[in-house]
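Each chain is listed here by its residues.
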Amino acid sequence: VTSIGNEAFYLCRNLTNVTIPNSVTSIGDDAFCGCTNLRNVTIPESVKSIGNNVFEGCSALTEITIPSTVTYMGEGSTFAGCTSLKTLTWPASTPVIGASTFMDSALETFTIPETVTEIGNQAFMNCKGIKDIDIPSSVTKIGTSAFANCTGITEIVVPEGVTTLGNQAFFNTSLKTVSLPSTITSIGSKAFNQNPSITKFTIADGTPYSVSEDMSI
C-alpha cells in the first residue's frame, strides 16, 4: 500500500486505532473524517502529504504525531472538531497552517514553527483552551477569524514581518495587551472587535497601515 485514498475510512465509527505502514506516502482527503472513536494514529516518516479534512470530527482522537517528512497538510479542516486533541507538533517542513485546520478542537498547547509563513482563515477559531500563542517572525499573514473566539488568549505580540491581519482575526478573545509591528500594512474589519478587556494596544512607530472603519475594539 502506497496511498490511502479519499474517504477510505470515512465515518468508520468503530475504528479506534490506526497504524499506517511505512510504504504509504500520501493520505487522501477525508480519509478518516468522522471516525468518532478513533483515539490513536501512528503516521510513519514515509508520508509526505496529508489531504483536506483527514481527521475532521475525530472527537476521541487524543494522540497523533505528524512526522517531519510531511511537506503538505490539507488546506482545510484537517483536525477540525477534534474535541479531545489537546496538543500536536506541527512539522517544520509545512509552511502553511490551512483554513479551519484546528477549528473547534481542544488544543491547549501548540508551537508554531519558525518556518510557517501563513496562518489560514479560521485556523484556530473556537480553540478556547489555548492560552499562549507565540507567532514566529516567519509569518507574514494571519487570516480571517484565525484566532476568533479563542477566549483563553490574554496577550498577543504580532512580530515584525507580518503584513496582514484578516477580518475578525482576534474577534472575541480575552486579550488585555496587543502589540503590532512596523511591517503591518492592513488590519481587517473587526480584527479586534468584542475584546472589552484590552487595556493596552501598541502599534510600532511609523506603521503605514490601513484600518477598516469597523475595526473597533
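Residues numbered from 1 in each chain as written. Predicted model: local features only at pLDDT ≥ 70, side-chain atom pairs only at ≥ 80, totals over all residues. Heavy atoms only, no water.

### A word on the overall build of the chain
When helices and strands are counted, the chain shows zero helices and 18 strands. Computed over its C-alpha atoms, the radius of gyration of the chain comes to 18 Å, within 12% of the 17 Å expected for a compact globule of 217 residues. Looking at the 217 residues of the chain, the share that counts as buried comes to 48%. Of the contacts formed within the chain by residues at least 6 apart in sequence, a portion of 23% connects residues at least 24 apart. Element-wise, carbon and sulfur atoms account for 47% of the exposed surface of the chain, whose accessible area totals about 9,500 Å². Each charge class in the chain can be summarised by its mean position, and for the 10 positive and 18 negative side chains these summaries are 8 Å apart. (Helix = DSSP H or I, 4+ residues; strand = E, 2+ residues; numbered from the N terminus. Rg over C-alpha atoms; globule rule 2.2 N^0.38 Å. Buried < 20%, exposed > 50% of the residue type's maximum accessible area, 1.4 Å probe, protein only. Contact = heavy atoms within 4.5 Å. Areas by Shrake-Rupley, 256 points an atom, 1.4 Å probe, with all protein chains shown as cover. Lys, Arg positive; Asp, Glu negative; His and termini not counted. Charge placed at Lys NZ, Arg CZ, Asp CG, Glu CD.)

### Digging into the sheet that holds strand β2 (residues 17-19)
A sheet is described by the order of its strands in space; here three strands give the open sequence β2-β4-β6, paired in parallel fashion. Two strands close off the open sheet at either side, each with one partner strand: β2 and β6 (63-65). Geometrically, the sheet is characterised by an average inter-axis angle of 10 degrees between neighbouring strands, direction not taken into account. Of the strand pairs in this sheet, strand β4 (residues 40-42) and β6 are connected by three bridges, and their pairing is parallel. Counted as the bridge partner of N40 is E63 from β6. (Pairing = 2+ DSSP bridges. Axes fitted to C-alpha atoms, helices over the stretch in contact; angles between N-to-C directions.)

### What to know about the nonpolar core
Side chains of a nonpolar character, in soluble globular proteins, are inclined to be buried together. Residues F55, F124, I142 and F147 are the most contacted members of the largest nonpolar core, which totals 59 residues. Each residue touching F55, except ones within four places of it in the same chain, is listed here: F32, L38, V41, I43, L61, I64, T78, F79, A80 and C82. (Core = buried A, V, L, I, M, F, W, Y, C linked by side-chain atoms within 4.5 Å.)

### Some points on a negative patch on the surface
On the surface, E114, D132, D134 and E155 cluster together to form a negatively charged patch. Among the structural elements, D132 can be located in the loop between β11 (118-119) and β12 (141-142). (Patch = residues over 30% accessible without salt bridge, like charges linked within 9 Å, V, L, I, M, F, W, Y side chains within 5 Å. Salt bridge = Lys/Arg side-chain N within 4 Å of Asp/Glu carboxyl O.)

### Comments concerning the sheet that holds strand β7 (residues 72-73)
Hydrogen bonds between backbone groups are what pair the strands of a sheet, and the pairing can be parallel or antiparallel. With parallel pairing, the four strands of this open sheet are ordered in space as β1-β3-β5-β7. For this open sheet the edge positions go to β1 (3-4) and β7, each flanked by a neighbour on one side alone. Relative to strand β3 (residues 26-27), β1 is paired through two bridges, and the arrangement is parallel. Bridge pairing links I4 to I27 in β3.

### Examining the packing of aromatic side chains
Summed over all chains, the structure comprises 13 aromatic pairs. With a centroid separation of 5.6 Å and 5 degrees between ring planes, the pair formed by F79 and F102 is classed as stacked. Taken as a pair, F79 in the loop between β7 and β8 (87-89) and F102 in the loop between β9 (96-97) and β10 (109-111) lie far apart in primary sequence, 23 residues in all. Ring plane angle 65 degrees and centroid distance 5.2 Å describe the contact between F110 and F124, whose orientation is recorded as edge-to-face. In this pair, F110 sits in strand β10 while F124 sits in the loop between β11 and β12, placing the two residues 14 residues apart along the sequence. Aromatic rings pair up to connect F9, F32, F55, F79, W90, F102, F110, F124, F147, F170, F192 and F201 into one cluster. (Phe/Tyr/Trp six-rings, centres within 6.5 Å; stacked < 30°, edge-to-face > 60°.)

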